[in-house]
Amino acid sequence: MTLKNTKIITIASALIFTMTANKAIGSDMAQWEESQEALNDPSLMTLQDIIDDKAITVKKGAQIAWRDEGASCLLLEKSDTLEGGKDIFDWDPETDEKTLLISAEKFIPEGRENPLKLEKQDYLVWSPDRKKLLIYTNTKKVWRVNSRGDYWVLDLESNALKQLGSTFETATLMFAKFSPDSKRVAYVQERNIYVEDLKSGRIKQLTTRKKDTIINGTTDWVYEEEFQIRDGFQWSPDGEYIAYFQFDTEGVGTFHLANYLAGNYPEIIPLPYPKVGTTNSSVRVGIVSSSRPRTQWLDDLQGDPRQHYLPRFYWAGNSKEVVFQRLNRLQNSSTLWMANIKSGELHAFSEEQTDTWISVHNHMTWFDDGKSFLWQSDNDGWRHFYRISRDGKRKTLISKGDYDVIRVVKLDKENGWLYFMASPEDPSQSYLFRERLDGTGEAERLTPTMQIGTHSYRLSGDSSKAFHTFSNANTPPIYDLVELPSHRAIQTTEDNAEARAKMEESNFQKTVFFDIEIEDGVKLPAYITKPYNFDPSQKYPVLFYIYGEPAGQTVKDVWQKSLWHQYLAQRGYVVVSIDNRGTSTPLGRAWRHFAYRKIGIVACYDQVAAVKKLLETHPYLDKDRIAVTGFSGGGSMSLNLLFRYPETYHLAMAGGFISNQLLYDSVYQERYMGLPEDNKEGYKDGSPMTHVKNLKGNLLIYHGTQDDNCHYQSFENLVNELIRENKLFTSVPYTGGSHAIKSAGGGQGTAHNLKTKTWYLMNHVTAGPLPQ
């Protein structure tokens, strides 16, 4: 490709160093946007409509939650009588009758004019005796999710509305939970656990932090990110005790995030973050009385706690024992320990080992009066679920067959069923099945065969009904209420008919799913979206959308909220996505574990082999106009593909990436790559920075400067290496942006990024057909 017209261009607040191919670029993005909109066919989507979510507006289902028992629901709706307020109704979905349960006026605190903001149905929790309602509001984000805020309790008998922890700073309470007798609430505030008596208002502090590195009742950064656990305490079934995590981050390296928008001097944000091969937090489980601050530690274990992980603990179906899982640092050996909470005595009762890694899950549930528990394992080659006896000696397979369970929907103890999502025939889709908990019989598919695509379900308390959502890549979501197991539709709550009509008007380009056989017996799932006014006798540019690492899957037959790929297809690009071996695609353990110790290496082989096969079988694909884009792990993959295979890929747009695998966190990278001292070549060869010298094509990189996950450090290290190798590139630092980059520019990061990628792609890879 010929390079010319090198310029310095300012786009918004970011300074961009740009090189172009084949054509000159306008002096700024506004000029380019105007030129694009002037070319628009009125029937096609505009980029601004994509950004504003107006191209095809898809409605969501109502905010409805099942009651814990039976098949009645709670419905959250805007109030007709109080502006800004919401009412809660008791709704019978069978008859469609609803009764006002709590009016919006009851959510107005004493001395205020406006009601509390009821943000989500999930933020409302009933007490066990159903006489009180816990309200989570004024929520604030902690890294990924809004996990701190204010909690209020509404007494339904007295109509009294009381704020919990009112003496603490606002929006600092976390994970509040009713006690089993509904008389108290426990919560975390500033890394300590408190219990508040709802009648007297008395607050008792149950834990203390003797040093600043101690965390009680919640987790450190890496456990939140990689083990998906934030809430770190549980009431015992009798309410007498609370089991909790305690972390000690002493010795963990501190990564300093910088907020350059804070004023004349940057705000430095310290983050204890264990990098690959460095010191982890020490973690232990404690049992504290709910009435006095005395803790029994369950830590009489051999081995350095900083070389092990405790990703899960559970009350063991009673109030006398706690079960916790312990992994070694390599995460290929797991032990379940049973602990007596009074004596602290421990005994191991279930062990699992593998030659790769063991996945942590949230499915340990006790049933059969505490005699059995549910457990997930893929040691037989598939992600299956088992019924395991309390002593760990009897193991009964529940989900039988050569397929992965995608996720558990519900464990129905009363009726003896496990409901789960799976797709034995097509890994891009998802359907509802059920199996008997005693392991007898065969799997029963409940989703109708004519609804091809992706489904999700929320089952009622008695499992007789479910709120059901169906979509596929070419069908926007349909929300309905169904009867189970017949799947008879009781009523449709939203069919998105207007969105489907809009698709016809706006020349929506259908996505087709298929397999690419790259070698004998190895088929990679893929999808393709062809351009508007497609002519197979012409040559078209291709954009490959990729993730490619173990934590994700891109080839899913589900409606995509972002229609950016549609926009590109309508302007002459073929859009393709391929899942290589080593992704989370539900195709069995051998598939998912294929890339062990070779992240960024074997995935590239699969992707390139698939591209070459596509060029052979799809003559309309232009081998000289191939681009790739991805974010996070997909950003790293995009870089690796452009650097390692410059003869195949001509442009990459990579964001939120890791340029050197040693710069990422210990839990994720060591899980899939092993320890750095045992896999030096693997870490080096799998890191994009190693291959910068091979760059020949066009490169756009972007990154949030306050990314707590994949640090901006990776961006700076790559930039330095590109400069050292005298390579031209385009870079956009999203100042103040987190990993999601949306927060940059006062919330304009995502919009700016879509415009930047579109601008860059269209100015470096010519859109539309060229004669073959």
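Refer to the structure above for everything that follows.
These figures come from a predicted structure and were not determined experimentally. (Residues numbered from 1 in each chain as written. Predicted model: local features only at pLDDT ≥ 70, side-chain atom pairs only at ≥ 80, totals over all residues. Heavy atoms only, no water.)

Trainee: Would you take a moment to explain the overall build of the protein chain for this structure?
Mentor: Within the protein chain, the regular secondary structure consists of 13 helices and 46 strands. Taken against the 2.2 N^0.38 rule, which gives 28 Å for 772 residues, the C-alpha radius of gyration of the protein chain at 27 Å falls within 12% of a compact globule. Its C-alpha atoms put the protein chain at 75 × 65 × 60 Å along the principal axes. Considering only contacts in the protein chain between residues 6 or more positions apart, those separated by 24 or more positions represent 58%. Positive and negative side-chain charges of the protein chain, numbering 89 and 99 respectively, have mean locations separated by a distance of 3 Å. (Helix = DSSP H or I, 4+ residues; strand = E, 2+ residues; numbered from the N terminus. Rg over C-alpha atoms; globule rule 2.2 N^0.38 Å. Contact = heavy atoms within 4.5 Å. Lys, Arg positive; Asp, Glu negative; His and termini not counted. Charge placed at Lys NZ, Arg CZ, Asp CG, Glu CD.)

Trainee: Got a minute to help me understand the pattern of salt bridges in this structure?
Mentor: Side-chain pairs of opposite charge can arise where the charged atoms are in close proximity. Applying the stated criterion across every chain yields a total of 33 salt bridges. Ionic pairing is found between Lys211 and Glu250, a salt bridge with its closest N-O pair at 2.5 Å. Of the two residues, Lys211 is situated in the loop between strand 14 (203-205) and strand 15 (214-216) and Glu250 in the loop between strand 17 (241-248) and strand 18 (254-259); the sequence distance between them amounts to 39 residues. Residue Glu250 is classed as partly exposed on the basis of its relative accessible area, which comes to 42%. A salt bridge links Asp355 to Arg589, with the nearest nitrogen and oxygen atoms 3.6 Å apart. Within this pair, whereas Asp355 is found in the loop between strand 25 (346-353) and strand 26 (366-367), its partner Arg589 is found in helix 6 (residues 589-592), the two being separated by 234 residues in sequence. The class for Asp355 is exposed, based on a relative accessible area of 61%. (Salt bridge = Lys/Arg side-chain N within 4 Å of Asp/Glu carboxyl O. Buried < 20%, exposed > 50% of the residue type's maximum accessible area, 1.4 Å probe, protein only.)

Trainee: What is the right way to read the packing of aromatic side chains from this model?
Mentor: Aromatic ring pairs are defined here through the distance separating the ring centres and the angle between the ring planes. Applying the stated criterion across every chain yields a total of 34 aromatic pairs. Look at Tyr136 and Tyr151: their rings are 4.6 Å apart centre to centre, the planes differ by 15 degrees, and that puts the pair in the stacked class. Taken together, the positions of Tyr136 in strand 8 (residues 132-142) and Tyr151 in strand 9 (residues 145-155) put the pair 15 residues apart, joining distant regions of the chain. Classification of Tyr136 by relative accessible area gives buried; the value is 8%. Taking 4.7 Å as the distance between ring centres and 85 degrees as the angle between the ring planes, the aromatic pair formed by Trp357 and Tyr672 counts as edge-to-face. Of the two residues, Trp357 is situated in the loop between strand 25 and strand 26 and Tyr672 in helix 9 (residues 666-673); the sequence distance between them amounts to 315 residues. Its relative accessible area of 7% is what places Tyr672 among the buried residues. Aromatic ring contacts, followed pair by pair, group Tyr223, Phe227, Phe245, Phe247, Tyr309 and Phe313 into a single cluster. Its end group placed over the ring of Trp417, Arg434 keeps NZ or CZ at 3.7 Å from the ring centre. (Phe/Tyr/Trp six-rings, centres within 6.5 Å; stacked < 30°, edge-to-face > 60°. Lys NZ or Arg CZ within 6 Å of the ring centre and 35° of its normal.)

Trainee: Looking at this structure, how should I read the pairing of strand 17?
Mentor: Along any regular strand, the residues point their side chains to alternate faces of the sheet. The element strand 17 is largely enclosed, with a buried count of seven among its eight residues. As paired strands, strand 15 and strand 17 are joined by three bridges and run antiparallel to one another. In the sheet register, Ile215 faces strand 17, and the bridge partner there is Phe247. In this structure, strand 16 (residues 233-235) lies alongside strand 17, joined through three bridges in antiparallel fashion. Bridge pairing links Gln234 to Ala243 in strand 17. Taking the residues that link successive antiparallel strands as the turn, the strand 16-strand 17 hairpin has five residues, and the phi of Gly239 there is positive, at about 80 degrees. Judged from the eight bridges that link them, strand 17 and strand 20 (residues 282-289) form a sheet pairing that is antiparallel. Looking at strand 20, one finds that Tyr241 is bridged to Ser289. (Pairing = 2+ DSSP bridges.)

Trainee: Even after reading the chapter, I still don't get a positive patch on the surface, so can you show me in this structure?
Mentor: A grouping of Lys60, Lys120, Lys141, Lys561 and Lys742 is seen on the molecular surface, where their side chains present a positively charged patch. Along the polypeptide, Lys742 turns up in the loop between strand 45 (730-734) and helix 12 (744-747). Residue class for Lys742 comes out exposed when judged on its relative accessible area of 53%. (Patch = residues over 30% accessible without salt bridge, like charges linked within 9 Å, V, L, I, M, F, W, Y side chains within 5 Å. Areas by Shrake-Rupley, 256 points an atom, 1.4 Å probe, with all protein chains shown as cover.)

Trainee: Can you walk me through the layout of surface pockets in this structure?
Mentor: Gaps left between atoms are located by rolling a probe of water-molecule size over the structure's atoms. Of the voids in this model, the second largest pocket is the one considered here, and its volume is about 1400 Å³. Together, 50 residues line the second largest pocket, and Ala62, Ile64, Gln121, Asp122 and Arg458 are the ones closest to its centre. Tallied by class, residues from the lining of the second largest pocket come to 23 nonpolar, 13 polar and 14 charged. (1 Å grid on protein atoms, 1.4 Å probe; cavity = no way out; pocket = protein on both sides within 12 Å on 5 of 7 lines; lining within 4 Å. Points joined across faces, edges and corners; volume = space filled by probe spheres on them. Nonpolar A, V, L, I, M, F, W, Y, C, P; charged D, E, K, R; others polar.)

Trainee: Please clarify how unusual backbone geometry should be interpreted in this entry.
Mentor: Backbone phi values are negative for most residues with the exception of glycine, while trans is the configuration of most peptide bonds. Looking along the chain, the bond that leaves Leu484 and enters Pro485 is cis, with omega of 10 degrees. On the secondary structure map, Pro485 appears in the loop between strand 36 (475-483) and strand 37 (488-494). Phi is positive for Gln228, close to 50 degrees, though the residue is something other than glycine. In the Ramachandran plot, Ile741 falls in the positive-phi region, its phi being about 60 degrees despite a non-glycine side chain. Ile741 gets classed as buried once you look at its relative accessible area, which sits at 5%.

Trainee: Would you mind showing me how to read the nonpolar core here?
Mentor: Taken as a class, soluble globular proteins show a tendency for nonpolar side chains to be buried jointly. Ranked by size, the top nonpolar core spans 46 residues in total, and within it Phe544, Tyr649, Leu699 and Ile701 carry the most contacts. With seven residues, the single largest contributor to this core is helix 7 (residues 602-617). Ranked by size, the runner-up nonpolar core spans 44 residues in total, among them Phe227, Ile287, Ile599 and Tyr664. (Core = buried A, V, L, I, M, F, W, Y, C linked by side-chain atoms within 4.5 Å.)

Trainee: Mind showing me how you'd approach the sheet that holds strand 25 here?
Mentor: In a beta sheet, neighbouring strands pair by backbone hydrogen bonds and run either parallel or antiparallel. Read from one edge to the other, the open sheet built from four strands follows the order 22-23-24-25, with strand pairing classed as antiparallel. Looking along the sheet, the strands with just one partner apiece sit at the ends: strand 22 (308-315) and strand 25. Ignoring which end each strand starts from, the neighbouring axes of this sheet average 20 degrees apart. Note: strand 23 (residues 321-328) against strand 24 (residues 333-340), seven bridges, orientation antiparallel. When the bridges of strand 24 are listed, Leu327 appears paired with Ser334. (Axes fitted to C-alpha atoms, helices over the stretch in contact; angles between N-to-C directions.)

Trainee: What is the right way to look at the side chain of Asp248 in this model?
Mentor: Assignment of secondary structure puts Asp248 in strand 17. Since its relative accessible area comes to 12%, Asp248 is described here as buried. Those residues within four positions of Asp248 in sequence are excluded, and the remaining contacts are Lys211, Thr213, Ile214, Ser281, Ser282 and Arg306.

Trainee: Sorry if this is basic, but what is going on with the environment of Leu675 here?
Mentor: Note that Leu675 resides in the loop between helix 9 and helix 10 (680-685). Sequence spacing of Leu675 and Val276 is 399 residues, and the spatial spacing of their C-alpha atoms is 7.7 Å. With residues up to four places along the chain from it excluded, the contact list for Leu675 reads Arg329, Leu330, Glu670 and Tyr683.

Trainee: Whenever I open this one, helix 13 (residues 749-764) confuses me. Can you help?
Mentor: In an α-helix, one turn spans 3.6 residues; hence positions three or four apart end up facing the same way. With 16 residues, helix 13 ought to run about 22 Å at 1.5 Å a step, and its terminal C-alpha atoms sit 22 Å apart, in line with that. Within helix 13, 15 of the 16 residues are buried, which leaves it mostly tucked inside the rest of the structure. (Expected span 1.5 Å × (residues − 1).)

Trainee: So what exactly am I meant to see when it comes to the packing of helix 7 against helix 8 (residues 633-644) here?
Mentor: The description of two packed helices rests on the angle between their axes and on the distance between the axes. At a closest axis distance of 10 Å, the pairing of helix 7 and helix 8 adopts a crossing angle of 70 degrees. Compared by their axis directions, helix 7 and helix 8 come out roughly perpendicular. With respect to the hand of their crossing, helix 7 and helix 8 are arranged in right-handed fashion. Residues Ala603, Cys604, Gln607 and Val608 of helix 7 touch helix 8, and the partners they reach there are Met637, Asn640, Leu641 and Arg644. Looking at the contact of helix 7 with helix 8 residue by residue, the class counts come to five nonpolar, two polar and one charged. (Parallel < 35°, antiparallel > 145°, perpendicular 65-115°, else oblique. Left-handed = near helix turned anticlockwise from the far one by under 90°.)

Remember that the coordinates give geometry; whether it matters functionally is a separate question.
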